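# Residue-level structure breakdown
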Amino acid sequence: MEVPRHWRLKKQRYALVGEVCPHCDVKLFPPRDVCPNCGGEAKQAYAFSGHGEIYSYTHMTNAPSGFERQAPYTIALVKLEEGPVVTAQLTDMGDKPVKIGMPVEMVTRRIRSDGDERGMLVYGYKFRPVFNP
């Protein structure tokens, strides 16, 4: 991972900051220069709530390079309350089975470490089930 790239993506990874189109009010994540809905310029920052539901999911047993230590794990498409669908790893599941429509919330967790023990620890968003007491 390049350190400058890490800092450039910090808002997206730690706070789910995307954009809202000032022309048609569509919420965009990740941020884009042009709104895919109306074609207008979209430069206005928007912080997503981090709440959504499982749209689809899969269990990963053969992880890609850099994620071998985490296997097996579950990746989900999460439909945010505001509209966009994001791909994220699920965490804090315990014995709870994953279900389509399950309410989830964003949390910041360690994604991976780059390099040896002196390398950069990369944190980012994952989603966990919403716990109802």
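That block above? That's the structure.
Structure report, in brief. (Residues numbered from 1 in each chain as written. Predicted model: local features only at pLDDT ≥ 70, side-chain atom pairs only at ≥ 80, totals over all residues. Heavy atoms only, no water.)

### With respect to the pairing of strand β6 (residues 85-89)
To keep it simple, the criterion reads: Between any two strands, at least two bridges found by DSSP are needed for them to pair. Secondary structure is summarised from DSSP: a helix means a run of H or I of at least four residues, a strand means a run of E of at least two, and numbering begins at the N terminus for each.
Pairing of strand β5 (residues 73-80) with β6 involves five bridges; the strand directions are antiparallel. Its bridge partner being in β6, Ala76 is matched across the sheet by Ala88. If you look at the hairpin formed by β5 and β6, you'll find four residues sitting between the two strands, and Gly83 has a positive phi there, around 125°.

### Concerning the pattern of salt bridges
Quick reminder of the rule: Note on definitions: salt bridges are taken to be side-chain nitrogens of Lys or Arg within 4 Å of carboxyl oxygens of Asp or Glu.
Taken as a whole, this structure holds five salt bridges when the rule is applied. Asp33 is paired through a salt bridge with Lys43; the nearest N and O atoms lie 3.0 Å apart. Taken together, the residues Asp33 in the loop between β2 (27-28) and β3 (44-47) and Lys43 in the loop between β2 and β3 connect sequence positions ten residues apart. The residue Asp92 makes a salt bridge to Arg128 at a minimum N-O spacing of 4.0 Å. Of the two residues, Asp92 is situated in the loop between β6 and β7 (103-114) and Arg128 in strand β8 (residues 120-129); the sequence distance between them amounts to 36 residues.

### Let's talk about the side chain of Gln89
So the rule is basically this: Under the rule applied, a polar contact is a pair of N or O atoms within 3.5 Å (in protein, one hydrogen donor and one hydrogen acceptor; residues adjacent in sequence only if both atoms are side-chain atoms). Should any heavy atoms of two residues lie within 4.5 Å, those residues are considered in contact.
Tracing the backbone shows Gln89 in strand β6. At 3.4 Å, the side chain of Gln89 and the side chain of Lys126 are in polar contact. The contacts of Gln89, once residues within four sequence positions are left out, are Gln70, Tyr73, Thr74, Ile75, Lys126 and Phe127.

### A look at the pairing of β5
In this sheet, β5 lies alongside strand β4 (residues 51-60) in antiparallel orientation, the contact comprising eight bridges. Among the inter-strand pairings, Ile54 is bridged to a residue of β5, identified as Val78.

### Describing the sheet that holds β2
Read from one edge to the other, the open sheet built from three strands follows the order β2-β1-β3, with strand pairing classed as antiparallel. With one partner strand each, in any of the chains shown, β2 and β3 form the two edges of the open sheet. Where strand β1 (residues 17-20) lies against β2, two bridges are found, and the strand directions are antiparallel. Paired with Glu19 across the bridge in β2 is Leu28.

### What to know about the nonpolar core
Within soluble globular proteins, side chains that are nonpolar generally end up buried alongside one another. To keep it simple, the criterion reads: Note on terminology: a nonpolar core comprises buried Ala, Val, Leu, Ile, Met, Phe, Trp, Tyr and Cys residues joined through side-chain atoms within 4.5 Å. A 1.4 Å probe rolled over the protein chains alone gives each residue an accessible area, and that area as a share of the maximum for its type sets the label: buried under 20%, exposed over 50%, partly exposed in between.
Core analysis: the largest hydrophobic core is formed by 16 residues, its most contacted members being Ile54, Val78 and Phe127. If you tally residues by element for this core, the top one is β5, at three residues. When sequence neighbours within four positions are dropped, the list of residues in contact with Val78 reads Gly52, Glu53, Ile54, Pro84, Val85, Val86, Val104 and Phe127.

These figures capture arrangement, not role.
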